[in-house]
Amino acid sequence: MNDYDYIIVGSGIAGLYTALLARGQGSVLILTKGSMDECNTKYAQGGIAAAIGHGDSAELHYRDTIAAGAGLCDPEAVRILVEEAPDRITDLINFGVPFDTLDGEVALTKEAAHSVPRILHAGGDATGEHIEVTLSRMVRQARVAVLEHFLATEIVVEDGVAKGVKAFDCRTGSFSEFGSSSVILATGGGGRLFKYTTNPDIATGDGVALAYSAGAEITDMEFFQFHPTALRLPGVPPFLISEAVRGEGGILRNADGRQFMFDYCEEGELAPRDIVARSIVSEMKKTGSDCVLLDVTHLPTRKISARFPQIYRFCLDHGLDITKTLIPVAPAAHYMMGGVKTNSWGETNIAGLFATGETACTGVHGANRLASNSLLEVVVFAKRIIERTEETLGTGEIASQRREQDYFHLSVRKAATAIPHPSLPALQSLMWDRVGITRSGEDLKEAASTLASWHEAVAQPSDRPSYELNNIVLVGRLMAEAALIREESRGAHFRSDFPEPSPDWQRRIIFRKTA
Ligand SMILES: Cc1cc2nc3c(=O)[nH]c(=O)nc-3n(C[C@H](O)[C@H](O)[C@H](O)COP(=O)(O)OP(=O)(O)OC[C@H]3O[C@@H](n4cnc5c(N)ncnc54)[C@H](O)[C@@H]3O)c2cc1C
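Calculation rules
Residue numbers restart at each chain and count upward from 1, following the sequence in its written direction. The predicted nature of this model means local features are confined to residues of pLDDT at least 70 and side-chain atom pairs, given and counted, to a pLDDT of 80 or more, with totals for whole chains, interfaces and linings taken over all residues. Water and hydrogen atoms were dropped before computing side-chain values, which therefore reflect all heavy atoms in the structure. Numbering of helices and strands starts at the N terminus; helices are DSSP runs of H or I of at least 4 residues and strands are runs of E of at least 2. Each radius of gyration reported is based on C-alpha atoms, and the globular scaling rule is 2.2 Å times the count of residues to the power 0.38. Partly exposed residues are those whose accessible area sits between 20% and 50% of the maximum for their type, while under 20% is buried and over 50% is exposed, using a 1.4 Å probe and protein chains only. Note on definitions: a residue-residue contact is assigned when non-hydrogen atoms from the two residues lie within 4.5 Å. All accessible areas in this document rest on Shrake-Rupley with a 1.4 Å probe, and a residue is counted as covered only by the protein chains that are shown. In summary, the charge assignment counts Lys and Arg as positive and Asp and Glu as negative, without counting His or the chain termini. Charge coordinates come from a single atom per side chain, which is NZ of Lys, CZ of Arg, CG of Asp or CD of Glu. Residue proximity to a molecule or strand is established when one non-hydrogen atom of the residue lies within 4 Å of it. A 3.5 Å cut-off defines polar contacts: any pair of N or O atoms within that distance qualifies, except that in protein one atom must be a possible hydrogen donor and the other a possible acceptor, and neighbouring residues in sequence count only when both atoms are side-chain atoms. Paired strands, in this sense, are two strands between which DSSP finds at least two bridges. Convention adopted: a line fitted to C-alpha atoms gives each axis, helices being fitted over their contacting stretch, and angles between N-to-C directions are expressed from 0 to 180 degrees. Grouping buried Ala, Val, Leu, Ile, Met, Phe, Trp, Tyr and Cys residues that are joined through side-chain atoms within 4.5 Å yields what is termed a nonpolar core.

## So, the overall build of the chain
Here is step 1 of the chain: In terms of regular secondary structure, the chain is built from 14 helices and 21 strands.
Here is step 2 of the chain: Here the C-alpha radius of gyration of the chain, 22 Å, is about what a compact globule of 515 residues would show, namely 24 Å.
Here is step 3 of the chain: Dimensions of the chain, computed from the C-alpha atoms along their principal axes, are close to 65 × 60 × 45 Å.
Here is step 4 of the chain: Every one of the 515 residues in the chain was classed for burial, and the buried ones make up 61%.
Here is step 5 of the chain: Of the contacts formed within the chain by residues at least 6 apart in sequence, a portion of 72% connects residues at least 24 apart.
Here is step 6 of the chain: As presented, the chain carries roughly 19,200 Å² of accessible surface, and 50% of it is formed by carbon and sulfur atoms.
Here is step 7 of the chain: Across the chain, the centroid of the 50 positively charged side chains sits 2 Å from that of the 66 negatively charged ones.

Encoded structure:
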């Protein structure tokens, strides 16, 4: 029985935007495991990309996105992304998102690996917060049911068709089941798998774990983007120092004060994120330091405080006046390129199950995401989910059929020595040390074995942290196994034992649970 026409899991930009479009088609329920605004979205700083400026075009945006994706983008999905971008920006403006303007026109900035300025922002570096506040206000006023502190624990699938969601009420400890013919996962990313991350606590990869357990295809899990510049101050969370800071002229210096990025790449500070992150790690090793320094002291003070009010304020609150002092930064886990495989209508291989946002893998990012394309991906593909369900609401067409032999499966492994009981800090350290910025076959094997043993040993979940730990262990396994299988380096995936890309690996790794 359908309780709602749409059930949406998650209340970041993906969940809220989808809900606002879906309410015109039928009844909508949002389930979210924390309060409505606990999400990655509200931390987004740099902005949202769209080819709307003079001298820009969908074709240029397409080329930049494909180049960043290192041979693994889905060209059809990227074409859709760049061509539908301007219309979706208009939707956001109509919803009331207050993008910054300059001389009466939307202000655009340039970020790494974009060939022209094409990033819209709001409140300077507070883009995500403005989007989240605007959309959540609209959702609260709309005919959308919202259950906060409800953690989705299972997608109900009958005869290969999604029928609803089981959820755990984190406040009372009770379970509920909600029926729907359109279940939309919008659960965000998985930065919390790693010791250092720019992501908030909610980013535990739940959507991937839920979808995998339900029999959905999971792909590109070896591609996780590490942001090069997160604040590295003792006792302070690794707060993101946006790419736009380098876009506006910020210079990276090593611990000896020397600008180094041009030693690694002719684009210097504006090289793609994976190159900047690895270059920073290399300089940290050379100088024996746990950070490098980002220098904006040569920029006008007014420009810094007006263009980056959040960063300026956060650093000042932690005793660092960035207009006068260099900012200690180091890489941190930031964005999950892989996820629940969808087609260009947001459909998974399970009829009635859709995915959108960071938990989905539409193929637009390939092996590496171009900065500010993720908020854009959400609005473009969420819109297409609703268009699709307008046509098929309740009929549940199956999106794709693949042969069983096309899939990879999790290997059966045992840790060589007795391992301690799984815990979040132990897992985060393992992932950072062995499945992080630079990987090797030996490290990945050890990680995969430990994670497999933890997967067997992890306790039956009984509250939100234990559900999240279960999910993190499973998602960690998918990442480690995928990274082990891919014997090459490409985009964000770098293997010291296979440092070059290989034409044999110009293909995607898709996992599916054995029946
Ligand atoms: C610091 C930072 C800066 C960024 N800057 C940019 C930028 O400038 N431009 C850009 O394009 N991208 C940026 N990104 C990435 C971008 O913000 C995210 O990819 C995007 O916001 C993801 O949106 P989402 O709705 O998919 O996920 P989220 O916003 O993370 O929302 C996920 C939601 O799902 C809920 N949830 C999760 N699991 C469950 C469950 N089991 N049951 C119920 N609810 C659940 C969460 O509570 C949350 O409400 C940035 C990310 C970070 C962390």
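## A closer look at the site of the ligand
Here is step 1 of the chain: Lining the immediate environment of the ligand, one finds 38 residues, of which T41, G46, G47, E358 and S374 sit closest.
Here is step 2 of the chain: The contact in question runs from an oxygen atom of the ligand to an N or O atom on the side chain of T41, over 2.5 Å.
Here is step 3 of the chain: Residue D206 places a side-chain N or O atom 2.9 Å away from a nitrogen atom belonging to the ligand.
Here is step 4 of the chain: Out of a free accessible area of 1,000 Å², the ligand has 98% covered by protein chains.
Here is step 5 of the chain: Among the elements of the structure, α1 (13-22), β2 (28-32), β9 (150-158), β17 (327-336) and α11 (373-392) are those that each provide at least two residues to the shell around the ligand.

## Details of the environment of A211
Here is step 1 of the chain: As for its placement among the helices and strands, A211 is situated in helix α5 (residues 206-214).
Here is step 2 of the chain: Under the relative-accessibility criterion, A211 is labelled buried at 0%.
Here is step 3 of the chain: The spacing of A211 and R434 is 223 residues in sequence and 25 Å in space, taken between C-alpha atoms.
Here is step 4 of the chain: With residues up to four places along the chain from it excluded, the contact list for A211 reads I155, L185, A216, I218 and V340.

## Section: the sheet that holds strand β10 (residues 161-169)
Here is step 1 of the chain: Read from one edge to the other, the open sheet built from three strands follows the order β9-β10-β11, with strand pairing classed as antiparallel. Both outer strands of the open sheet, β9 and β11 (175-179), are each paired with one neighbouring strand and no more. If you compare each strand with its neighbour and ignore which way they point, the axes differ by 25° on average.
Here is step 2 of the chain: Across five bridges, β10 lies against β11 in antiparallel orientation.

## Quick word on the sheet that holds strand β18 (residues 339-341)
Here is step 1 of the chain: Ordered in space as β20-β18-β13-β21, the four strands form an open sheet in which the pairing is mixed. Of all strands in the sheet, those with a lone pairing partner are β20 (360-361) and β21 (510-511), marking the two edges.
Here is step 2 of the chain: Pairing analysis gives two bridges linking strand β13 (residues 218-219) to β18, with the strands arranged antiparallel. If you follow I218 over to β18, its bridge partner there is V340.
Here is step 3 of the chain: Strands β13, β18 and β21 of the sheet are contacted by α5, whose axis makes an angle of about 40° with β18.

## A short note on the nonpolar core
Here is step 1 of the chain: Of all hydrophobic cores here, the largest spans 60 residues; its most connected members are F194, I218, M221, L478 and M479.
Here is step 2 of the chain: With 11 residues, the single largest contributor to this core is helix α14 (residues 464-485).
Here is step 3 of the chain: Membership of the second largest hydrophobic core comes to 49 residues, among which are A22, V82, F354 and A382.

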